[in-house]
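# Breakdown of the fold
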Amino acid sequence: MSELKRTQLYDVHVAAGATMVDFGGWEMPIKYPTDIVAEHLYTRHACSIFDVSHMGRILVEGPEMVPFLQHVLSSNVMALDLNQAQYAIIPNEAGGAVDDAYLYRFEEDRYLLVVNAANTDKDLAHLNEQIKGYDAKMTVITGDWAAIAVQGPKAKEVLQVLSGGEAVTEPMKNALNTLQFEGRTVRVAKTGYTGEPIGYEVYIETAEAAWLWNRLIELGAKPAGLGARDTCRLEACLPLYGHEMGLDPEGKEIPIFAVPLAKFAVSFSEQKGAFIGREPLEKQYEVFKRVMNRDFSDLADLPRRIMPITLLDKGVMRAGMPVYKGDKLIGYVTSGTMVPYYRHEGEGLQTVILEETAKRSIGLAIVDSDTLEDDEVQIDVRGRRLKAVIPPYHMRVDAPPFARPILYRPDEETAAAASGDRTPKVLELIGRATQNHVWRQEKCVNLIPSEMSPSRAVRLLCASDPSFRYAEHKKVKSFYDADVFYYQGTEFIDEVEQLLVEEMKAFMGCAEVETRCVSGQMSNTCVFSALMDWKNRLNRKQDPKRLGYIMNNHIIKGGHLSAQPMGALHDYIAVDPVTERHALVNFPVLKDNIYKIDVEETKKAIDQYRPEFIIFGKSMVLHKEPVAAIRKYVDEMGLQTTIMYDMAHVLGLIGDHFQKPFQEGAEIVTGSTHKTFFGPQRGIVGVNYKKGDLKYGLWETIESRAFPGSVSNHHLGTQLGLLMAAYEMNHFKDAYQKAVVHNAKSFAKSLKAAGLDVAGDPANDYTETHQVIVSVGYGTGPEVAMRLERNNIICNYQATPEEEGFTASGALRMGVNEMTRFGFGPKEFDQLAQIMADCILRGREVKEDIEALRAGYTEMRYCFTEDQVAAALNELARKSGI
Amino acid sequence: MNFPAELKYTKDHEWLKAIDDTTALVGITDFAQSELGDLVFINLPQEGDEVTAEESFCDVESVKAVSDVMSPVTGVVAEVHAELEDEPQMLNEDPYGAWIAKIKDISAYGELMTAEEYEAFVQK
């Protein structure tokens, strides 16, 4: 047997007392004296480091590197942007796997392919054969750079110490970055093989490897061996070559589509041409699709699939053990062991991870393709048939920073509501509603920026008669575009709508307004649907083409959910056939203020993508959007791009103290009427197209996508209430808007002075809107927000542009709009800032202080309070019985 | 590594603690637990099982593998240490306290070593 290879960190492992074993020809640490269970748990709880320098690393470069990689990998290399990584499989001609791999693009003109250590020689032999005829070359750099995986919820904190606070990578999985760790160049990937949502792999030059390893330990990371790496990947259901890929326990080749990750790793894009294994993979994919639709009629090309498996009886399953359903052998365990986990208690966001640990017997199995989730099966554990089940997964990572173990539990039936007298329930409901109203209106300080309490006038009108009526109407060309109503009794609401349109035109500063959408999100859907319809208006004989490219704010950088593919864009955005991703490009943001769009970089992106649609607007909005600058550039370029500003949050700030979107060149503005605006919860669309304009047809399409496209009943009560809100806004807007922006700046400065970490540009006093964003520490947002709620301060926790998602969020998003309306000024906001700092930084219970502060401010301002108005409202209340 | 003098040892790394002429406790040695690593499961024998010297009567599992535990004696299982089922890590933490089974009616012994002999044996 040839001598075992050693990584750059061999001596470090031996000195640490690691148990070294032969792993694919490498002498590697299987465990340290801490042992596998503790190493696994430390990974899940804190941060482990794994030496992964044995993985084969191959640089691919040359003019034909892309065609070569497209030919030998299953993935679409054209979809890989700079500073991104992708998972790929190296297929063979039969549709099996030579190996699985990760492809990294740290540099524009080179790719780094990382393969399994044990397969490196085999992979190279295969790839060297394939590269013939391509003007590309491969260089093995395994020995030049060491690789250390830094995995676990504390990984980001640890690495940010080394980077001097700089974000290590973008927060998304597979993001890459090249940066300095205390003066040494490193390449960092947000990737890993433990399933940790916060996991990185760091590449560093060989000479610095031991330095980095030891520095990471000084910062609190602990070394973990291949044993823990295996239990972690098993818990995450990640495949391992030789177990879930390669040959199965019967010696048959496992088809690539048997592996769940194949769905992401295999592309049939035209860009890939006749890549190796394409034909058998297409056949497997056909079976895969049928299996997903529970059609098990012909499974020849994909007879078995890899699924998770959980032992219900006591015991341990191991690779190779047969799996039965009844008497029928349906497959084999491919990986299995006992895996430790931390117990947890509580529900939902209140879930607490305990210090107490337990173990569970889990695995992966290759089983007949007609096996379903929740199927009960048996495993032959050395002669004993033990009960097992096919769970959907063993672990989830959608509540970062922690990987959450999912213990198998069958669905519980919920008890149906009992029959009988409902009177006690009615009384209880009314009592609780009263309590809630008083609490939110009189005892709490509401800082949710997307909320506003309406005035008494607005509330009464919302509840008055038209609230349960219909008033469908549509313009009819035969009547010179007169609105025709379908039902009688609608004369009043017809007039109300016309008045509302005029008030909103005046407020927004535009030519046309649609008021029938009942939410901001619906307004966006209505506009997107209209844009797509208008795009296809000249050819109705084919499937309509979707919109793309679209430019918007990334959700993680404050973009509004309703302007995302996962929100209202969902059914209207195209997929780019080259990248096989949404035809979406995000506004680049400034490096030193991620809340501001980088105009110069945006121009470059416009050149590159020539977007047909640009959507400004955010839900984390501290600064003005550069509408004028982008309008000017788009016009100079002669593009037909439609520019929209989703002013959901800032509709009520349109004017002298913030932005005038139409004056700056927006064509379409959508908004919510209940955030900074005074209305009940509805949506609005304004456009600046005039009769005779080319895009006036787009406006007419928007109207028809409102009705009959979106609503047949447009909530007449709140439409009436909105007219009152529009009167209030147009009457009081100058004073109100000035107060909101002034209060927000003042509140931000007070919070900063009280010791809190306030986001935004200090040169703008941190904000130019109603919002203030405060960082309270990575992953602590939910806890702090709940603590504040307990103390009657209502705000929402928010992931900053550097964080992975809502449970990892470390910021609070606050708005001064509602409390400004209740009369708070800089003095009150300063008091509030002191109280909040006490609660956030010092854990003081402040409920009484808040109730005392709020007590003086329960009267609504910026609304009509004259005696005459009050008397008229009393009359309305009396006659309507409200 | 600990080798209590009052115990007898097997080449398969079990220990035997005589209670009287026909009764003894059986467990795995400190060396065995350290080689196996974290023990995560034990498949205990049942009370009344007949066991034979130098044949498997129980198995223990670490994260990586399963190992048979061989009986040092021929006899009958009088009692099992049921707590180990829920806490197999006791075998790692206190190998000489964490007995696996009490064997009665001992009729034959396998090959056994003294503490000194066993220490020499594992250091080879």
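Note that this is a predicted model, so its numbers are computed, not measured.

## What to know about the overall build of chain A
- In terms of helices and strands, chain A carries 23 helices and 38 strands.
- For chain A, whose C-alpha radius of gyration is 31 Å, the value lies close to the compact-globule estimate of 29 Å for 882 residues.
- The principal-axis extents of the C-alpha atoms in chain A amount to approximately 100 × 65 × 65 Å.
- Taking all 882 residues of chain A together, 57% fall into the buried category.

## Regarding the overall build of chain B
- From N to C terminus, chain B includes four helices and nine strands.
- Listed by position from the N terminus, the elements making up chain B come as β-β-β-α-β-β-β-β-β-α-α-β-α.
- At 13 Å, chain B has a C-alpha radius of gyration in line with the 14 Å of a compact globule built from 124 residues.
- For chain B, buried positions account for 52% of its 124 residues.
- Taking contacts inside chain B between residues at least 6 apart in sequence as the whole, the part at least 24 apart equals 61%.

## What about the packing of helix α14 (residues 599-609) of chain A against helix α15 (residues 627-637) of chain A?
All names here are of chain A.
- Interaxial distance between α14 and α15 falls to 11 Å at its minimum, and their mutual angle equals 30°. By the angle class used here, α14 and α15 are roughly parallel. Where α14 crosses over α15, the two elements pack in a sense that is right-handed. Residues V599, T602, K603, I606 and D607 of α14 lie in contact with α15, whose contacting residues are A629, I630, Y633, V634 and M637.

## Notes on empty space enclosed by the protein
Residue and element names in this part refer to chain B.
- All told, the structure shown has three cavities of 30 Å³ or more when counted by the stated rule.
- One number sums up the size of the largest cavity: a volume of about 60 Å³.
- Along its surface, the largest cavity is lined by T10, K11, D12, E14, E54, M70, S71, P72, G110, E111 and L112.

## Side note on the interface of chain A and chain B
- Of the residues lining the interface, 18 residues belong to chain A; the matching set on chain B comes to 17 residues.
- For the pairing of chain A and chain B, the buried interface totals around 1400 Å² over both sides, and the portion due to carbon and sulfur atoms is 48%.
- Broken down residue by residue, the surface that chain A buries against chain B is led by K314(A), R318(A) and R382(A), which jointly contribute 35%.
- Inspection of the region where chain A meets chain B yields six salt bridges.
- Taken together, the links from chain A to chain B amount to 12 residue pairs in polar contact (both at pLDDT 80 or more).
- Secondary-structure elements contributing two or more residues to the side of chain A that touches chain B are β2 (26-31), α2 (36-45), α7 (226-235) and β16 (328-345) of chain A.
- Partitioning the side of chain A that touches chain B into residue classes produces six nonpolar, four polar and eight charged.

## Thoughts on the nonpolar core
All names here are of chain A.
- Residues L447, M504, M508, F747 and L832 are the most contacted members of the largest nonpolar core, which totals 101 residues.
- It is helix α18 (residues 716-753) that provides the largest number of residues to this core, a total of 16 residues.
- Excluding its chain neighbours within four sequence positions, the residues that come into contact with L832 are V445, L447, F747, F824, I850 and L853.
- In terms of nonpolar packing, the next biggest core, distinct from the first, is built from 55 residues, V114, F275, V339 and I366 among them.

## So, a negative patch on the surface
Residues and elements named next belong to chain A.
- Together, E373, D374, E376, D411 and E412 line one region of the surface with negative charge.
- Turning to its location among the elements, D411 is positioned in the loop between β21 (404-405) and α10 (423-443).
- Judged by its relative accessible area of 75%, D411 falls in the exposed class.

## Some words on the sheet that holds strand β34 (residues 757-758) of chain A
Residue and element names in this part refer to chain A.
- Reading across from one edge, β34-β35-β38-β37 is the order of the four strands in this open sheet, with antiparallel pairing throughout. A strand with exactly one partner marks an edge of an open sheet, and here the two such strands are β34 and β37 (796-798).
- The sheet contact formed by β34 and strand β35 (residues 771-775) spans two bridges and is antiparallel. Paired with D757 across the two strands is S775, which belongs to β35.
- Sitting on the sheet, α18 is in contact with β34, β35 and β38 (811-815), with an inclination near 15° to β35.
- Against the sheet, helix α19 (residues 781-790) touches β37 and β38, its axis set at about 45° to β38.

## Considerations on the sheet that holds strand β4 (residues 39-43) of chain B
Residue and element names in this part refer to chain B.
- Strand order in the open sheet formed by three strands is β4-β6-β7, with antiparallel pairing between adjacent strands. Because the sheet does not close on itself, it has two edges, and the strands there are β4 and β7 (66-70). The mean angle between the axes of side-by-side strands here comes to 25°, regardless of whether they run parallel or antiparallel.
- Pairing geometry for β4 and strand β6 (residues 56-62), over four bridges, is antiparallel.

## Observations regarding the pattern of salt bridges
All names here are of chain A.
- This structure, assessed with the given rule, holds 66 salt bridges over all chains.
- With its nearest N and O atoms 2.9 Å apart, the salt bridge here joins E783 to R787. Of the two residues, E783 and R787 both sit in helix α19, four residues apart, roughly one turn of that helix.
- You can call E783 partly exposed: its relative accessible area is 41%.
- Taking relative accessible area as the criterion, R787 reaches 13% and is therefore assigned buried.
- Across the pair R790 and E845 runs a salt bridge whose closest N-O atoms are separated by 3.3 Å.

## Regarding the layout of surface pockets
All names here are of chain A.
- When its volume is computed, the second largest pocket comes out at roughly 1600 Å³.
- Lining the second largest pocket are 49 residues, and of these G348, T351, V352, I353 and R404 sit closest to its centre.
- Of all the secondary structure elements, the ones that give two or more residues to the lining of the second largest pocket are α2, β16, β17 (352-368), β21 and α19.
- The dominant element in the lining of the second largest pocket, judged by the number of residues it contributes, is β16, at five residues.
- Residues of the lining of the second largest pocket, tallied by class, amount to 25 nonpolar, nine polar and 15 charged.

## Notes on the packing of aromatic side chains
- For the coordinates displayed, the defined rule picks out 29 aromatic pairs over all chains.
- Pairwise contacts between aromatic rings join F3(B), Y9(B), W15(B), Y96(B), Y118(B) and F121(B) into one cluster.
- The ring of W534(A) has R537(A) sitting right over it, with the charged end atom 3.9 Å from the ring centre.

## Observations concerning helix α9 (residues 278-292) of chain A
All names here are of chain A.
- Along its 15 residues, α9 runs 20 Å from first to last C-alpha, staying within 8% of the 21 Å computed at 1.5 Å per residue.
- Within the span of α9, buried status applies to R278, L281, Q284, V287, F288 and V291.
- Looking at the buried side of α9, the elements it contacts are β5 (84-91), α8 (262-265) and β14 (304-311).
- Looking one or two residues past α9, R294 carries a phi angle of roughly 60°, positive in sign.

## Digging into the pairing of strand β12 (residues 199-205) of chain A
All names here are of chain A.
- The buried fraction of β12 amounts to six of the seven residues, a majority that puts the element mostly inside the structure.
- Across seven bridges, strand β9 (residues 145-151) lies against β12 in antiparallel orientation. Paired with A146 across the strands is I204, a residue of β12.
- In this structure, strand β11 (residues 184-189) lies alongside β12, joined through four bridges in antiparallel fashion. Each bridged residue has a counterpart across the sheet, and for A189 the counterpart in β12 is E201.

## Here's the deal with the side chain of T43(A)
All names here are of chain A.
- Turning to its location among the elements, T43 is positioned in helix α2.
- What makes T43 buried here is its relative accessible area of 0%.
- Within polar-contact distance, the side chain of T43 engages the backbone oxygen of E39 at 2.7 Å.
- Ignoring anything within four residues of it in the chain, the contact list for T43 reads S48, F50, Q151, G152, P153, T194, E196 and C232.

## So, the state of the cysteines
- Going through the model one piece at a time under the given rule, you end up with zero disulfides over all chains.
- Distance from the sulfur of C462(A), which forms no disulfide, to the nearest cysteine sulfur (C863(A)) is 14 Å.

## Things to note about the confidence of the model for chain B
- Averaged over all residues, the pLDDT of chain B is 94; the fraction at 70 or higher stands at 100%.
- The ipTM, which scores confidence in the relative placement of chains, is 0.87 for this predicted complex, and the corresponding pTM is 0.90.

## Concerning the packing of helix α12 (residues 491-508) of chain A against α18(A)
Residue and element names in this part refer to chain A.
- Between α12 and α18, whose axes approach to 9 Å, the crossing angle comes to 25°. It follows that α12 is roughly parallel to α18 by the angle criterion. For α12 against α18, the interelement crossing comes out left-handed. Here F492, I493, V496, E497, L499, L500, E503, M504 and F507 of α12 come into contact with α18, specifically with L716, Q719, L720, L722, L723, A726, Y727, M729, N730, K733 and Q737.

Reading the values: rules and limits
- The numbers attached to residues start from 1 for each chain and follow its sequence in the written order.
- Naming scheme: in the order in which they are written, chains are lettered from A and ligands are numbered from 1.
- Only residues with pLDDT of at least 70 get local features here, since the model is predicted, and only at 80 or more are side-chain atom pairs given and counted; chain-wide, interface and lining totals rely on the full set of residues.
- Hydrogens are left out, water is left out, and the side-chain values use all remaining heavy atoms of the structure.
- In this description a helix means any DSSP run of H or I spanning at least four residues, a strand means any run of E spanning at least two, and both kinds are numbered starting from the N terminus.
- All radius of gyration figures rest on C-alpha atoms, and the globule criterion is 2.2 Å times the number of residues raised to 0.38.
- Accessibility here uses a 1.4 Å probe with only protein chains present; expressed as a share of the type maximum, an area under 20% marks a residue as buried, one over 50% as exposed, and anything in between as partly exposed.
- Residues are treated as being in contact if the distance between any of their heavy atoms lies within 4.5 Å.
- Only the stretch in contact is used when fitting a helix axis, every axis being a line fitted to C-alpha atoms; angles between N-to-C directions are given from 0 to 180 degrees.
- Note that the term roughly parallel is reserved for angles under 35 degrees, roughly antiparallel for angles over 145, roughly perpendicular for angles of 65 to 115, and oblique for everything else.
- When the near helix sits turned anticlockwise from the far one by under a right angle, the crossing is termed left-handed; a clockwise turn instead gives a right-handed crossing.
- Cavity: a set of points on a 1 Å grid over the protein atoms alone where a 1.4 Å probe fits but cannot get out. Pocket: an open set with protein on both sides within 12 Å along at least five of seven lines, its lining residues, like those of a cavity, having an atom within 4 Å of a point.
- Grid points are joined across faces, edges and corners, and a volume is the space filled by probe spheres set on the points.
- Accessible-area loss on putting two parts together, using a 1.4 Å probe and summing over both, is the definition of buried area adopted here.
- Any Lys or Arg side-chain nitrogen found within 4 Å of a carboxyl oxygen on Asp or Glu counts as a salt bridge.
- Here a polar contact is taken to be a pair of N or O atoms separated by no more than 3.5 Å, where protein atoms must pair a possible hydrogen donor with a possible acceptor and residues adjacent in sequence count only if both atoms sit in side chains.
- Amino acids are sorted into nonpolar (Ala, Val, Leu, Ile, Met, Phe, Trp, Tyr, Cys and Pro), charged (Asp, Glu, Lys and Arg) and polar (every other residue, Gly among them).
- Among the buried residues, those of types Ala, Val, Leu, Ile, Met, Phe, Trp, Tyr and Cys that are joined through side-chain atoms within 4.5 Å form a nonpolar core.
- A residue counts toward a patch only above 30% relative accessible area and without a salt bridge, and it is joined to like-charged neighbours within 9 Å or, for Val, Leu, Ile, Met, Phe, Trp and Tyr, to nonpolar neighbours within 5 Å.
- In this description, accessible areas are obtained by the Shrake-Rupley approach with a 1.4 Å probe, and a residue is regarded as covered only by the protein chains that are shown.
- None of His or the chain ends enter the tally, which takes Lys and Arg as positive and Asp and Glu as negative.
- In plain terms, the charge of a residue is placed at NZ if it is Lys, CZ if Arg, CG if Asp and CD if Glu.
- We treat two strands as partners when DSSP finds at least two bridges between them.
- Any pair of Phe, Tyr and Trp rings, taking the six-membered ring for Trp, is counted once the centres come within 6.5 Å. Such a pair is stacked with planes under 30 degrees apart, edge-to-face with planes over 60 apart, and tilted for the rest.
- Any Lys NZ or Arg CZ that is within 6 Å of a ring centre and within 35 degrees of that ring's normal is treated as a charge sitting over the ring.
- Helix span, expected: 1.5 Å multiplied by one less than the number of residues in the helix.
- For the purposes of this analysis, a disulfide is any pair of cysteine sulfur atoms at a distance within 2.5 Å.
- The pLDDT value tells you how sure the predictor is about a given residue, anywhere from 0 up to 100.

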